Amino acid sequence: MLDHGTAPPATGHDARTPQAPVGFGARLMRRKPVERLVAEGGQGEGGTLRRSLGMWQLTMISIGATLGTGIFVVLGEAVPKAGPAVIVSFVIAGITALFSALSYAELAGTIPVSGSSYSYAYATLGELVAWVCGWCLILEYGVSVAAVAVGWGQYLNELLDGTIGVTIPASLANPPGDGGIFNLPALIVVLLCMVFLLGGAKESARANTIMVVVKIAALLLFCGVAFQGVKAGNYTPFMPLGVAGVSSAGASLFFSYIGFDAASTAGEEAKDAQRDLPRAIMLSLIIVTALYCLVAAVAVGALPWKQFAGTEAALAGIMKDVTGQSFWAVLLAAGAVIAIASVVLTVLYGQTRILFAMSRDGLVPKAFSKVHAKSGVPRTNTIIVSLFCGVLAAAVPLGQLADATSIGTLFAFALVNVAVIVLRRTRPEMKRSFRVPLSPLFPAIGFLLCIYMMGSLDVVTWEVFGAWMVVGLLIYFFYGRKASRLERESAGETETPAVEPAAAE
């Protein structure tokens, strides 16, 4: 439900005032006041982010980050796990996302800042939990950029083959372990998106909106053409691998929904964040879920489920098989190239803004919160993240990246559901532009669904996640904890903000 209003003004207590020494455990659980989080919105080292995004742009950011690889690429890996029941897997993943989306919508309207669930955890669960959440977000956003970029090269080859009859050699179009040496297209698409992001948030949002319209049109075109090849026999047996297969596919397909929270990373660049963020999050999830289920239903009806194995450009192949002509497949491949580039652009944007917020809090180096005064863009942050993600995409296979991203996402979403319950109890008087219905029941269901989905992932994915968490905790205890602004302020250290107004456009 909507409850328009703004957060109350900052109280007389200021977290920046030196406090009496507290115990080690208490320092780890220290929370950052909501009022301070909001007051610092947009401020970076040497400049400020610009508020230039309306609800339409925010919705397009979420759709841009969500709609793409899950249906264009990961579908080919999920169908062999569930068979035709992959449609149910999409529904399960969508319902899991819905409960978390409700929690995201409430917190985005209450704490409209760039850090997404990292900032929400900092305000409700304490610094250590916030760091863990932020570290999971780095896995979610940073690694998913790489995973998406890997799939981009597959459709680029389809497009090149259908237009000029030339393809990129397998050795340069696949990462090691997938028959290649270096995935050059994956690196190229990340670097192209980096160039867009360096131009500014408003300009990037405009380019993303165009790409989103193109990819929705491409998916609707697929449904219209591939429907001609649908055969009832392809839906039986509907659940050949049982409930376990449906759950396993659902856990992998949750990767397809991770972008809906991307709008929450734009909280400090939205014109009216408290009003528009909740609406953008919910609207984007509804649109994306409807398209996923429609496309999946047509795809498994047009192609026997066993034939999906080993393909990362399944939809283009279906178009070619149904029509017997390469024209439609080429057209879809062109749409997919644009669609997946849109995902790379928006998810890369989200990653830079999360690191921006963590840097402002001192948990990662200051370079990530340095804002170019003229463009209003964290340039150093954008370049570092883009190069890292590009190299990762060029060197790691898609399947490993997708599952690693899913588990990091699910963990972060679980924390967001807990954060809603905690903030309702600790700050019930706060004005909320959106409220999760039936709280704390719905956030509790969202939490349990995330845990259930995490349990459906394989042992190797858990091992990767465990190693990632160990590395993250080592970084926090040896660097982040000591460099934290709250830690330094409690010790009586002061610093002069390096913030100055952005240059006029």
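Residues numbered from 1 in each chain as written. Predicted model: local features only at pLDDT ≥ 70, side-chain atom pairs only at ≥ 80, totals over all residues. Heavy atoms only, no water.

1. So, the overall build of the chain
Stage number 1. Helix and strand counts for the chain stand at 20 helices and 2 strands.
Stage number 2. Every one of the 505 residues in the chain was classed for burial, and the buried ones make up 59%.
Stage number 3. Nonlocal contacts in the chain, meaning residues at least 24 apart in sequence, comprise 84% of its contacts between residues at least 6 apart.
Stage number 4. By element, 68% of the accessible surface of the chain is carried by carbon and sulfur atoms, the whole surface being about 18,400 Å². (Helix = DSSP H or I, 4+ residues; strand = E, 2+ residues; numbered from the N terminus. Buried < 20%, exposed > 50% of the residue type's maximum accessible area, 1.4 Å probe, protein only. Contact = heavy atoms within 4.5 Å. Areas by Shrake-Rupley, 256 points an atom, 1.4 Å probe, with all protein chains shown as cover.)

2. Considering helix H5 (residues 75-82)
Stage number 1. Looking at H5, one finds that the buried residues are Leu 75, Gly 76, Ala 78, Val 79 and Ala 82. Angularly, the buried residues of H5 cover 160 degrees about the axis, an arc narrow enough to put them on a single face.
Stage number 2. Two residues or fewer after H5 comes Gly 83, characterised by a positive phi angle close to 70 degrees. (Arc of directions from axis to C-beta.)

3. Quick word on the packing of H5 against helix H6 (residues 86-110)
Stage number 1. In contact at an axis separation of 9 Å, H5 and H6 are set at 110 degrees when each is read in the N-to-C sense. It follows that H5 is roughly perpendicular to H6 by the angle criterion. Residues Leu 75, Ala 78, Val 79 and Ala 82 of H5 pack against Val 86, Ser 89 and Phe 90 of H6.
Stage number 2. Residues of the contact of H5 with H6, tallied by class, amount to 6 nonpolar, 1 polar and no charged. (Axes fitted to C-alpha atoms, helices over the stretch in contact; angles between N-to-C directions. Parallel < 35°, antiparallel > 145°, perpendicular 65-115°, else oblique. Nonpolar A, V, L, I, M, F, W, Y, C, P; charged D, E, K, R; others polar.)

4. Focus: the environment of Val 416
Stage number 1. Mapped onto the elements, Val 416 comes out in helix H17 (residues 398-426).
Stage number 2. It is 10.0 Å that separates the C-alpha atoms of Val 416 and Glu 106, two residues lying 310 residues apart in sequence.
Stage number 3. Setting aside chain neighbours within four positions, we find Val 416 in contact with Ser 103, Tyr 104, Leu 107, Ser 117 and Tyr 120.

5. Considering the packing of aromatic side chains
Stage number 1. Under the defined criterion, the tally for this structure stands at 11 aromatic pairs.
Stage number 2. Ring centres 5.2 Å apart and planes at 85 degrees place the aromatic pair Phe 99 and Phe 442 in the edge-to-face group. Of the two residues, Phe 99 sits in helix H6 while Phe 442 sits in helix H18 (residues 441-455), which places them 343 residues apart along the sequence.
Stage number 3. The exposure class assigned to Phe 442 is partly exposed, which follows from its relative accessible area of 21%.
Stage number 4. Where Trp 131 meets Tyr 476, the ring centres are 5.9 Å apart and the plane angle is 35 degrees; that geometry is what we call tilted. With Trp 131 in helix H8 (residues 127-163) and Tyr 476 in helix H19 (residues 459-483), the pair connects residues that are 345 residues apart, well separated along the chain.
Stage number 5. An aromatic cluster is present here, built from Trp 131, Trp 135, Trp 468, Tyr 476 and Phe 477 joined pairwise through their rings. (Phe/Tyr/Trp six-rings, centres within 6.5 Å; stacked < 30°, edge-to-face > 60°.)

6. So, a nonpolar patch on the surface
Stage number 1. Taken together, the side chains of Leu 172, Ile 181, Phe 182, Leu 184, Ile 188 and Leu 192 define a hydrophobic patch exposed on the protein surface, amounting to about 510 Å² of accessible area.
Stage number 2. Counting residues per element, the nonpolar patch draws most heavily on helix H10 (residues 184-198), which supplies 3 residues.
Stage number 3. Here Phe 182 lies in the loop between helix H9 (170-173) and H10. (Patch = residues over 30% accessible without salt bridge, like charges linked within 9 Å, V, L, I, M, F, W, Y side chains within 5 Å. Salt bridge = Lys/Arg side-chain N within 4 Å of Asp/Glu carboxyl O.)

7. A look at the confidence of the model for the chain
Stage number 1. Confidence along the chain averages 81 in pLDDT terms, with 89% of residues attaining 70 or more.
Stage number 2. The least confident element of the chain is helix H4 (residues 69-72), whose mean pLDDT is 68; the most confident is H10, at 90.
Stage number 3. Low confidence marks residues 1-20, where pLDDT is under 50. Its contacts with residues over four positions away, or in another chain, come to 39 contacts.
Stage number 4. Throughout residues 496-505 the model reports pLDDT below 50, and contacts reaching past four residues in sequence, or to other chains, amount to 20 contacts. (pLDDT = per-residue confidence, 0-100.)

8. Describing helix H14 (residues 314-323)
Stage number 1. All buried positions along H14 are accounted for by Ala 314, Leu 315, Ala 316, Ile 318 and Met 319.
Stage number 2. Downstream of H14 by a residue or two, Gly 324 has a phi angle that is positive, lying close to 75 degrees.

9. Here we look at the pattern of salt bridges
Stage number 1. Inspection of the entire model under this criterion finds 14 salt bridges.
Stage number 2. Note that Glu 487 and Arg 30 form a salt bridge whose closest N and O atoms lie 2.9 Å from each other. Placement of Glu 487 in helix H20 (residues 485-490) and of Arg 30 in the loop between helix H1 (24-28) and helix H2 (34-39) is noted, with a sequence separation of 457 residues between them.
Stage number 3. Close ionic contact of Arg 275 with Asp 272 constitutes a salt bridge, the shortest N to O distance being 3.7 Å.
Stage number 4. On the basis of relative accessibility, which here comes to 36%, the residue Arg 275 falls in the partly exposed class.
Stage number 5. Since its relative accessible area comes to 31%, Asp 272 is described here as partly exposed.

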